[in-house]
Amino acid sequence: MRTFPSAAIAPIPRSFASAFAAALLLAGIAASSQALATENTARIETRATTVTVLSFNLWHDKGDWPKRRAMILAEIKHLKPDVIALQEVLQRDGLRNQAEDFAAALGYRVQFVSVDPPGAARRYGNALLTRKRPETREMRKLEPLDDYRTAAHARLRPGPPRTRIDVYATHLHNDQAGGAIRATQVSSLLDFIDTTAQGSYVIVAGDFNSAADSPELQALAARYRDAYGNAHPDASRNVTAHTTLNPAYLPAQRIDHVFYDPIGFELVEARVVLKQSREGVWPSDHFGLLVKLRTRPKLVTLRASPN
């Protein structure tokens, strides 16, 4: 039998062996770290919750205010909205701030915003009333500043601990030929939203003095959905049937809107309210707009803190 000489095996250099051992050690640490991270990571799906918003132009103290006040309060108590956006809110000598008056009567928190200084005898503006205490409240004077328009912002935590809803209320320029002014105000409003909102749970309500699909509201409508228009596809074709202006005082037109971010919300319902007279007295020269939205659940990734 033939035999063959054994092949000579060169010794592994000590430096290479050390490097190889170090690499194996690092790989083990990385694998352990990854396993630990996976072990300490939880994905939580936020629960869905509903929020009901009422937008209503008060018409300040016009007409028989004591009777109108009683009618409006009775309807709001029946509707039980989570948030109320009020426009044309007045405060003057002999008249308590209407938003503060409503908040006290209904048990809501109130945020009144106005360009009029707090010490003025007469103040006029917008308000947000919320059933729960807001996490934060802010305001913005809208450009152009010589039109004296404002936006109010409140951040709410309605129930699920990781859901924050940013609600905005405004009232835009009222001249029919003022489309360019309203467009500037919409741009200012969107900048306000961009600097204050914390996600896609955004609601914008108010009297926009313009149709939801008008050119001046195009930038707003490009980001957010018109709740009533989505609930009633024929609304733009049949304005008389879907007006938010009271035909007893003004030509039929739908200018009061609630916009919402479709990424964060799905629409449940949208309808016109506060539209019945009593003994010849109407709640306002506007009707109210009630919108119910449901939050879309989101996955939230949490990491446990290291020990």
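Residues numbered from 1 in each chain as written. Predicted model: local features only at pLDDT ≥ 70, side-chain atom pairs only at ≥ 80, totals over all residues. Heavy atoms only, no water.

1. Details of the overall build of the protein
Thought 1: The secondary structure content of the protein amounts to 6 helices and 14 strands.
Thought 2: Counting the 307 residues in the protein, one finds 44% classified as buried.
Thought 3: Of all intrachain contacts in the protein linking residues separated by at least 6 positions in sequence, the fraction that spans at least 24 positions is 72%.
Thought 4: On the protein, roughly 16,200 Å² of surface is accessible, and the fraction owed to carbon and sulfur atoms is 52%. (Helix = DSSP H or I, 4+ residues; strand = E, 2+ residues; numbered from the N terminus. Buried < 20%, exposed > 50% of the residue type's maximum accessible area, 1.4 Å probe, protein only. Contact = heavy atoms within 4.5 Å. Areas by Shrake-Rupley, 256 points an atom, 1.4 Å probe, with all protein chains shown as cover.)

2. Structural notes on the nonpolar core
Thought 1: Ranked by size, the top nonpolar core spans 27 residues in total, and within it Val51, Leu128, Ile203, Val258 and Phe265 carry the most contacts.
Thought 2: The contact partners of Val51, leaving out residues within four places of it in the chain, are Asp82, Val83, Ile165, Ile203, Phe265, Val291, Lys292 and Leu293.
Thought 3: Trp65, Leu73, Leu90 and Phe112 belong to the second-largest nonpolar core, a separate cluster that totals 24 residues. (Core = buried A, V, L, I, M, F, W, Y, C linked by side-chain atoms within 4.5 Å.)

3. Focus: the sheet that holds strand β2 (residues 50-57)
Thought 1: With mixed pairing, 6 strands are arranged side by side in an open sheet as β4-β5-β3-β2-β13-β12. Each end of this open sheet is capped by a strand with a single partner; those strands are β4 (109-114) and β12 (265-273). The sheet shows a mean angle of 20° between the axes of neighbouring strands, direction not considered.
Thought 2: Taken together, the 5 bridges between β2 and strand β3 (residues 83-91) define a ladder with parallel strand orientation. Bridging across to β3, Val53 finds its partner in Val83.
Thought 3: Together, β2, β3, β12 and β13 (288-295) form the strand contacts of helix α2 (residues 65-79), whose direction differs from that of β12 by roughly 150°. (Pairing = 2+ DSSP bridges. Axes fitted to C-alpha atoms, helices over the stretch in contact; angles between N-to-C directions.)

4. What to know about the packing of aromatic side chains
Thought 1: All chains considered together, the criterion is met by 6 aromatic pairs.
Thought 2: Seen from their ring centres, Trp65 and Phe102 are 6.0 Å apart, and the 15° between their planes marks the pair as stacked. Linking Trp65 in helix α2 with Phe102 in helix α3 (residues 98-106), this pair joins segments that are 37 residues apart in sequence.
Thought 3: For Phe102, a relative accessible area of 1% puts it in the buried group.
Thought 4: The interplanar angle of 85° and the centroid separation of 5.4 Å between the aromatic rings of Phe208 and Phe259 together place this pair among those described as edge-to-face. Here the residue Phe208 occupies a position in the loop between β9 (202-207) and α5 (218-223), and Phe259 occupies one in strand β11 (residues 256-260), the gap between them amounting to 51 residues.
Thought 5: Judged by its relative accessible area of 0%, Phe208 falls in the buried class.
Thought 6: On the accessibility criterion, Phe259 (1% relative accessible area) is buried. (Phe/Tyr/Trp six-rings, centres within 6.5 Å; stacked < 30°, edge-to-face > 60°.)

5. Structural notes on the confidence of the model for the protein
Thought 1: Considering every residue of the protein, the mean pLDDT works out to 88; 81% of them sit at 70 or more.
Thought 2: Across residues 1-33, confidence stays below pLDDT 50; counting only partners more than four residues off in sequence or on other chains, it has 1 contact.
Thought 3: Here residues 35-39 scores under 50 on pLDDT; set against residues more than four positions off or in separate chains, the count is 1 contact. (pLDDT = per-residue confidence, 0-100.)

6. Some thoughts on the sheet that holds β11
Thought 1: A sheet is described by the order of its strands in space; here 6 strands give the open sequence β6-β7-β8-β9-β11-β10, paired in mixed fashion. In the strand order of this sheet, the two ends are held by β6 (136-141) and β10 (225-226), each with one partner.
Thought 2: Here 6 bridges tie β6 to strand β7 (residues 150-156), and the two strands are oriented antiparallel to one another. Looking across to β7, one finds that Thr136 is bridged to Arg155.
Thought 3: On top of the sheet, helix α4 (residues 179-196) reaches β6, β7, β8 (165-171) and β9; it is set at about 150° to β6, its chief contact.

7. Quick notes on the side chain of Gln111
Thought 1: With respect to the secondary-structure elements, Gln111 resides in strand β4.
Thought 2: Of the polar contacts made by the side chain of Gln111, one reaches the backbone oxygen of Glu138; its length is 2.8 Å.
Thought 3: The contacts of Gln111, once residues within four sequence positions are left out, are Asn126, Ala127, Leu128, Arg137, Glu138, Met139, Ala152, His153 and Ala154. (Polar contact = N/O pair within 3.5 Å; in protein donor to acceptor, adjacent residues only side chain to side chain.)

8. Re the pairing of β9
Thought 1: Summarising burial for β9: 6 of the 6 residues are buried, a large majority.
Thought 2: The alternating pattern of β9 places Val202, Val204 and Gly206 on one face and Ile203, Ala205 and Asp207 on the opposite face, and all of these are buried.
Thought 3: Bridging between β8 and β9 involves 6 bridges; their strand directions are parallel. Residue pairing in the sheet places Tyr168 in a bridge with Val204 of β9.

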